[in-house]
Amino acid sequence: MAENSANVGAFFAELAFAWYGSAERRAGLFRFEGLEHLHAALAKGKGVLLYAGHFTPMEICGPTLKAQVPLYAFMFKARRNPLMNALQKRGRGSYAHVSVTNDDVREMLALLARNAVVWYSPDQARVDSGELVPFFSQPAMTSTAPSRLARLSGATIVPLFYRRLADDSGYLLRFHAPLPDLPSRDSLADTTRLTAVLESFIRECPEQYFWTHRKFKDRPGSPDAYS
């Protein structure tokens, strides 16, 4: 718990650096692995969905991909508070070539048709349109959108792991090979497989995951984990 709290604290410092600091000063902090998987997916010309989770270095790692690909889109969730929404929009304004809200399916498909790379983190609880999928052996309402978007667009889903390095020397971004036979016609089965990938990422650095998100809320047939 203490290690996770420290990493959440680092998130806020990194957010300020990412939103208001110099991109040139950040440039040497990142190490990339598996870029060949990203480039191979782009060569297909159908777009790429980067399947990632909500880890605490997200704000500082997210912008670094803009220099790696011709067209990069960063998804975001609109805030209910107008001030917070304006601050987020301004702070993330230079993160990517295009920003898109996480519920704008039409824009997402249009970007993928242009062979864009889209950062997609669907691991927050999706109580309105999700399905119950095991997350560390517990049922959680989980978005099946990555599978459905990939099937509609022909895009390749490339899992992305990123973390703050243990010696505080910088950050690692590691691209993984796409899962075979994904997407299939069964979006629930696809989502279960992708969630297992996310679990493997979390096991590498559990202290850096955003456990503060209420992943186990509003689960049909299951008790409220937060009551």
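See the structure shown above.
What comes next concerns the included structure. (Residues numbered from 1 in each chain as written. Predicted model: local features only at pLDDT ≥ 70, side-chain atom pairs only at ≥ 80, totals over all residues. Heavy atoms only, no water.)

### Remarks on the overall build of the protein
Okay, so step 1: Summing up its helical and strand segments, the protein has eight helices and nine strands in all.
Okay, so step 2: Principal-axis analysis of the C-alpha atoms places the extent of the protein at approximately 50 × 45 × 35 Å.
Okay, so step 3: Across the 227 residues of the protein, 48% fall into the buried class.
Okay, so step 4: Here the contacts in the protein between residues at least 6 apart in sequence split such that 74% fall between residues at least 24 apart.
Okay, so step 5: When the accessible area of the protein is evaluated, it comes to approximately 11,400 Å², of which 54% is carbon and sulfur surface. (Helix = DSSP H or I, 4+ residues; strand = E, 2+ residues; numbered from the N terminus. Buried < 20%, exposed > 50% of the residue type's maximum accessible area, 1.4 Å probe, protein only. Contact = heavy atoms within 4.5 Å. Areas by Shrake-Rupley, 256 points an atom, 1.4 Å probe, with all protein chains shown as cover.)

### Looking at the environment of Gly 28
Okay, so step 1: By secondary structure assignment, the location of Gly 28 is in the loop between helix H2 (23-26) and strand S1 (30-33).
Okay, so step 2: Assessed through its relative accessible area of 71%, Gly 28 is described here as exposed.
Okay, so step 3: Separated by 142 residues in sequence, Gly 28 and Gly 170 place their C-alpha atoms 8.1 Å apart.

### Things to note about helix H6 (residues 105-113)
Okay, so step 1: For H6, the full list of buried residues reads Met 108, Leu 111 and Leu 112. For H6, the angular spread of buried residues about the axis comes to 100°, placing them on one side. Opposite the buried face of H6, at more than 90 degrees from it, the exposed residues are Arg 106 and Ala 113.
Okay, so step 2: For H6, the elements touching its buried residues are strand S2 (48-51), strand S3 (72-76), strand S4 (98-101), strand S5 (117-120) and helix H7 (145-153). (Arc of directions from axis to C-beta.)

### Quick word on the sheet that holds S3
Okay, so step 1: An order of S1-S9-S8-S2-S5-S3-S4 is seen for the seven strands of this open sheet, with the pairing classed as mixed. Bordering the open sheet on either side are S1 and S4, each of which pairs with just one other strand. The sheet shows a mean angle of 25° between the axes of neighbouring strands, direction not considered.
Okay, so step 2: With five bridges connecting them, strand S8 (residues 156-164) and strand S9 (residues 171-175) associate as antiparallel partners. Across the sheet, residue Arg 163 finds its bridge partner in S9, namely Leu 172.
Okay, so step 3: Of the strands in this sheet, S2, S3, S4 and S5 are in contact with H6, which crosses S4 at around 145°. (Pairing = 2+ DSSP bridges. Axes fitted to C-alpha atoms, helices over the stretch in contact; angles between N-to-C directions.)

### Concerning unusual backbone geometry
The phi torsion of most residues other than glycine is negative, and most of the peptide bonds are trans.
Okay, so step 1: Residue Pro 183 follows Leu 182 across a cis peptide bond; omega there is 15°.
Okay, so step 2: For Pro 183, the position within the fold is in the loop between S9 and helix H8 (187-204).
Okay, so step 3: The phi torsion at Ser 137 lies on the positive side, around 70°, for a residue other than glycine.
Okay, so step 4: Structurally, Ser 137 is set in the loop between strand S6 (131-135) and strand S7 (138-142).
Okay, so step 5: For Asp 181, which is not a glycine, the phi torsion comes out positive at approximately 60°.
Okay, so step 6: Topologically, Asp 181 is positioned in the loop between S9 and H8.

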